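Residue strings, one per chain:
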Amino acid sequence: MNTTKRTSLNIQSLIPNRATFTRTFRVAAWLGWQIESNWTDPFLFAIYSIVKPLSGAAILVVMYSIIINGAFKSPIFPYIYLGNAFYMYVGGVMTGISWAIIDDREHYKTLKYMYVAPIHMPTYLLGRGVARFTVSSLSVLITILFGVAFLHVQIDLAAVNWGLFFVSLFIGVIMLAMMGLMLAGVTLLIAQHVWFIGDITAGALYLFSGAIFPLDVLPKYLRPVGYFMPITYWLELLRRSLVGSVAQAFPTLSRFSNTELMGILLGLTVVFAIFAAVIFFWCEHRARERGMIDMVTNY
Amino acid sequence: MNSEQSSATSEKWSVEKNTGLRFFLQTVIARAYPRIIGQQREKSWMFFDILLPMLAVSAYVFVYRAIDAPDEYVGFVVMGGAMTAFWMNVLWSMSSQLYWEKEMGNLSLYIMAPNSMMAILLGMALGGLVATTLRALAITILGGWLFKIPYEVTSFGQLFLVFMLAMVALYGMGMLFASLFLLLSREAWHLSNLAQEPVYLFSGFYFPIKSFNFWVAASASIIPLTLGLDAMRQLVFPSGAALGFLSVPLELGILSGLCVIFLTSAKLLLAHMEKLAIREGRLTESRR
C-alpha cells in the first residue's frame, strides 16, 4: 500500500476575506512602521531618510556636471535625475517586502508565530512594505524638490499630466509589490545569501531598466532584458508625465504613445502579478513541507 | 596515587601557555583564520561580493558612456567600484562586527577570554583585508576586461605603498568605529547603512575628488580611501595625474599620519568603551 500522503494547495484558503485582509494589512503596516522608525528619535530618522537618497542622487549629479560642465538643461539630465529618483521605490517597496521574511525569520525569530496567527501571510508581507513605501515617497519627493530648486530640473506644474502620473505611479507600486512578493517566496526557501537577494535584484533592474541611462547605451544583446521589464515602461511613463520633452529626445521608446506604454505596463504587471502569486504560494508550500518556516540559519 | 604518579599526570596534562607578544599574535591569527578559511569553504560569497559592486559599476559606466565621457572616467569608476568592497567590509565586518557578536552571544566570551580585544580587532582586520583584496582584484580585472580599460602603472612600488597605507589607515578607522559600536544596539545596522552612499559621494568613488572644491575634498580626506583612491588613480591611469587632488608623495605622507592617528585612537577608545560598556551593562543586552 502506498502510504505517501500528498498535500495539495487549497486555492480557496489563499484568498483572504475582506475583514482578514483589512485587519492584517493595517496591523502589518503599523508594525512595519515601528520597526523602520523607532530605533531612533524622529529627527535622526528624518536625516537618515533624506541623506541616503540625496547622496545617491548627488553622485550622479557630480558625474554629470564634471563631464557636461553643468549643462543641466540638456534632456539627458532630467532623464537621469528623475529615473534615479523614482527608482528609490524599487529598492524600497520590492526589497522592503522580501526583507520582512528575513527580519521575521532570522532577526526577530517570529515568522513561525506569524504563520500560526489568524492572518493572511501575503497581505501581511504587503502591509510590511507600506513603511518602506512611505519612506521612499518622502525620499523621492525631497530628491525631486532638490532637483527643481537647485539643479534646473524643469517641472512645470501646470504642464504635468497628473492623471498619467498618478495612474502610472499606482500601477508601478502594485507591480513592485508583486515582485517583492515573488522575492519573499524565494527567500522562504533559501538559507544562504538571503541578505543579498533584494539588493542584487534591485541592482540588476537598475542596470537593465534604463533608470539612469537610455537603453540604447546598453550592448544590443542586453537590451531585450530591459524591454521585458515593466519598470522600464513605468519609469518612461513617469518621466513623460512630469517632463514630456524628455521622451522626444531619446529614440528607445519614442515610437510608443502614452496609451501604448500604459497598455504594456498594465499587461506586464498582470503577468508579473500572476507569476508572483504562483511562485510565492509554491515556495510557501515547499517551505511548509520541508519545515523551513521556523528555520534560523545564523548565516 | 603516590606523589611521583601525581607529578607525571600533571606534567602530561600541563599546557604551555603563550604570553605577551606571542599570545597577542596567536590571537590575531586565530581571529583572522575564520575569515580567510571561511571564504575558501563558502566560495559563493565571492560570487555575490563581486556581482553586487559589478552591477553598480556597470550602471555608472553606462551613465558615463551616455554622456560621452572620456574613457579614463570609465577606469575611475571600475577602480572606485573595486574599492567599495573595502568600505563595505570595514562598515559591515569591522565596525558593526561587535554588534553582530553581541547579537549572537559571542561578545561576552571575547571579553571574558584572557586575550586582548585589540588583537581580536586586528585579526578581524587582517582576515577581512586579505579576503577583500581578492574580491577587489577580481572586480578590477573583470571590469578592466569588460570595459576595455587601459591600465598604465607608472610606479608599482608607490602603488603598493599607497595601497598598504590606505588599507592600514582604513582598517584602523574600522577598529575605531568597532569600539564606538560596542555601545550601540539596533541602531548599528542603520548607521552602517547610512554611511554607504555619503562616503561613496564625498570620497569620490566614481569621479575624481578634485571635482569638489578644495575644502570639501580636504575634509573628505579624513576617510583614508579618499586619498588612497586619488593616489592610485594618479599612478594607474595616464591622465590620472592631471585629475589628482594632491601630489602622490603628499598623499603618502597624509596617509601615514592617518595610520598613526587611527590605530592609536582605536587602542585608546577601545579600552575606554570596553570599560564603559561593562559599567553600563551593554555587553550582553539585545534590544531588537
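Residues numbered from 1 in each chain as written. Chains lettered and ligands numbered in written order. Predicted model: local features only at pLDDT ≥ 70, side-chain atom pairs only at ≥ 80, totals over all residues. Heavy atoms only, no water.

This part is about the overall build of chain A. Helices and strands together make up the secondary structure of chain A, namely 12 helices and zero strands. For a compact globule of 299 residues, the expected C-alpha radius of gyration is about 19 Å, and chain A comes in at 21 Å, within 12% of that figure. Along the first, second and third principal axes, the C-alpha atoms of chain A reach 75 × 45 × 35 Å. Scored against the burial criterion, the 299 residues of chain A give a buried share of 54%. Put simply, of all contacts in chain A between residues at least 6 apart along the chain, 81% involve residues at least 24 apart. For chain A, the accessible surface area stands at approximately 13600 Å², while carbon and sulfur atoms represent 67% of it. (Helix = DSSP H or I, 4+ residues; strand = E, 2+ residues; numbered from the N terminus. Rg over C-alpha atoms; globule rule 2.2 N^0.38 Å. Buried < 20%, exposed > 50% of the residue type's maximum accessible area, 1.4 Å probe, protein only. Contact = heavy atoms within 4.5 Å. Areas by Shrake-Rupley, 256 points an atom, 1.4 Å probe, with all protein chains shown as cover.)

Per the secondary structure count, chain B includes 13 helices and zero strands. The linear arrangement of helices and strands in chain B, starting from the amino end, is α-α-α-α-α-α-α-α-α-α-α-α-α. Counting only C-alpha atoms and orienting by the principal axes, one finds that chain B spans roughly 90 × 40 × 35 Å. The proportion of buried residues among the 288 residues of chain B is 53%. The contacts in chain B between residues at least 6 apart in sequence include a share of 82% that link residues at least 24 apart. Charge centroids of chain B, computed over 20 positive and 18 negative side chains, lie 5 Å from each other. (Lys, Arg positive; Asp, Glu negative; His and termini not counted. Charge placed at Lys NZ, Arg CZ, Asp CG, Glu CD.)

Turning our eyes to something else, we now look at the nonpolar core. Within soluble globular proteins, side chains that are nonpolar generally end up buried alongside one another. L125(A), I231(A), W234(A) and W87(B) are the most contacted members of the largest nonpolar core, which totals 181 residues. In terms of residue count, the dominant contributor to this core is helix 4 (residues 76–107) of chain A (17 residues). Look past the residues within four positions of W234(A) in its chain and what remains in contact with it is F86(A), Y89(A), V90(A), S168(A), L169(A), G172(A), M175(A), L176(A) and L265(A). In this structure, F45(A), Y48(A), V135(A) and L194(B) belong to the second largest nonpolar core, which totals five residues. (Core = buried A, V, L, I, M, F, W, Y, C linked by side-chain atoms within 4.5 Å.)

Here we take up the confidence of the model for chain B. Put simply, chain B has an average pLDDT of 85, and 92% of its residues get 70 or more. Averaged pLDDT values for the elements of chain B fall to 60 in helix 1 (residues 3–13) of chain B and rise to 94 in helix 12 (residues 224–236) of chain B. (pLDDT = per-residue confidence, 0-100.)

Bringing the interface of chain A and chain B into the picture now. The interface of chain A with chain B comprises 40 residues on the first partner and 40 residues on the second. In this assembly, chain A packs against chain B so that about 3700 Å² is buried in total across both faces, 77% of it on carbon and sulfur atoms. E197(B) is paired through a salt bridge with K52(A); the nearest N and O atoms lie 2.7 Å apart. At the boundary of chain A with chain B, the tally comes to three residue pairs in polar contact (both at pLDDT 80 or more). Among the secondary structure elements, those contributing two or more residues to the side of chain A that touches chain B are helix 2 (18–37), helix 3 (42–68), helix 4 and helix 8 (194–208) of chain A. Tallied by class, residues from the side of chain A that touches chain B come to 29 nonpolar, seven polar and four charged. (Buried area = accessible area lost by both parts, 1.4 Å probe. Salt bridge = Lys/Arg side-chain N within 4 Å of Asp/Glu carboxyl O. Polar contact = N/O pair within 3.5 Å; in protein donor to acceptor, adjacent residues only side chain to side chain. Nonpolar A, V, L, I, M, F, W, Y, C, P; charged D, E, K, R; others polar.)

In this section: the pattern of salt bridges. Residues and elements named next belong to chain A. Across all of its chains, the model carries nine salt bridges over all chains by this definition. When the shortest N-O distance is used, the salt bridge between R105 and E106 registers 2.9 Å. Residue classification places R105 among the buried positions, given a relative accessible area of 1%. Judged by its relative accessible area of 8%, E106 is buried.

All right, on to the packing of helix 4 (residues 71–95) of chain B against helix 7 (residues 117–146) of chain B then. Residues and elements named next belong to chain B. One can describe the packing of helix 4 onto helix 7 by two numbers: an axis separation of 8 Å at closest approach and a directional angle of 155 degrees. By the angle between their directions, the pair helix 4 and helix 7 is classed as roughly antiparallel. The way helix 4 lies across helix 7 gives a crossing that is right-handed. Counting all contacts with helix 4, which are made through V78, G81, A82, A85, F86, N89, S93 and M94, the residues of helix 7 involved are L121, M124, A125, G128, L129, T132, T133, A136, I139, T140, G143 and G144. (Axes fitted to C-alpha atoms, helices over the stretch in contact; angles between N-to-C directions. Parallel < 35°, antiparallel > 145°, perpendicular 65-115°, else oblique. Left-handed = near helix turned anticlockwise from the far one by under 90°.)

Residues and elements named next belong to chain B. Along its 22 residues, helix 2 (residues 20–41) runs 32 Å from first to last C-alpha, staying within 8% of the 32 Å computed at 1.5 Å per residue. Maximum bend of helix 2: about 30 degrees, positioned at A32, with proline P34 one to four residues after it. Residues of helix 2 that are buried include every one of T27, V28, R31, A32, R35 and Q39, and no others. Of the surrounding secondary structure, the elements contacted by the buried residues of helix 2 are helix 3 (44–66), helix 4, helix 5 (97–104), helix 6 (107–112) and helix 7. (Expected span 1.5 Å × (residues − 1). Bend = angle between axes of the 7 residues up to and from the residue.)

On to the packing of aromatic side chains. All names here are of chain A. Within the structure shown, the criterion is met by 30 aromatic pairs over all chains. On the numbers, 5.9 Å between centres and 45 degrees between planes, the contact of F228 with F272 is tilted. Pair noted here: F228 is in helix 9 (residues 223–228) and F272 is in helix 12 (residues 258–289), with a separation of 44 residues, a long-range link. Look at F272 and you get buried, because its relative accessible area is 8%. Lying over the aromatic face of Y79, R239 brings its terminal NZ or CZ to 3.6 Å of the ring centre. (Phe/Tyr/Trp six-rings, centres within 6.5 Å; stacked < 30°, edge-to-face > 60°. Lys NZ or Arg CZ within 6 Å of the ring centre and 35° of its normal.)

With that settled, consider a nonpolar patch on the surface. A cluster of nonpolar side chains, namely L266(A), V270(A), I274(A) and V278(A), defines an oily patch on the protein surface of about 360 Å² accessible area. V270(A) sits in the partly exposed class, given a relative accessible area of 46%. (Patch = residues over 30% accessible without salt bridge, like charges linked within 9 Å, V, L, I, M, F, W, Y side chains within 5 Å.)

For chain A, mean pLDDT is 87; residues scoring 70 or higher make up 94% of the total. Confidence over residues 1–5 of chain A falls short of pLDDT 50; this stretch has zero contacts with residues more than four positions distant or in other chains.

Attention now goes to the side chain of R135(B). Residue and element names in this part refer to chain B. By the element assignment, R135 lies in helix 7. Its relative accessible area of 13% is what places R135 among the buried residues. Excluding its chain neighbours within four sequence positions, the residues that come into contact with R135 are Q39, M46, D49 and I50.

Another aspect to go through is the side chain of E236(A). All names here are of chain A. In this structure, E236 sits in helix 10 (residues 230–242). With relative accessibility at 7%, the residue E236 sits in the buried group. Filtering out sequence-adjacent residues up to four positions away, E236 remains in contact with Y79, A247, L253 and L261.

What follows covers the packing of helix 8 of chain A against helix 3 of chain B. For the pair helix 8 of chain A and helix 3 of chain B, the least separation of the axes is 9 Å and the interaxial angle reads 25 degrees. Accordingly, the angle class assigned to the pair helix 8 of chain A and helix 3 of chain B is roughly parallel. Where helix 8 of chain A crosses over helix 3 of chain B, the handedness of that crossing is left-handed. Contact residues: helix 8 of chain A offers F196(A), D199(A), I200(A), G203(A), A204(A), Y206(A) and L207(A), while helix 3 of chain B offers W45(B), F48(B), D49(B), L51(B), L52(B), L55(B), S58(B), A59(B) and F62(B). Taken together, the residues of the contact of helix 8 of chain A with helix 3 of chain B break down into 12 nonpolar, two polar and two charged.

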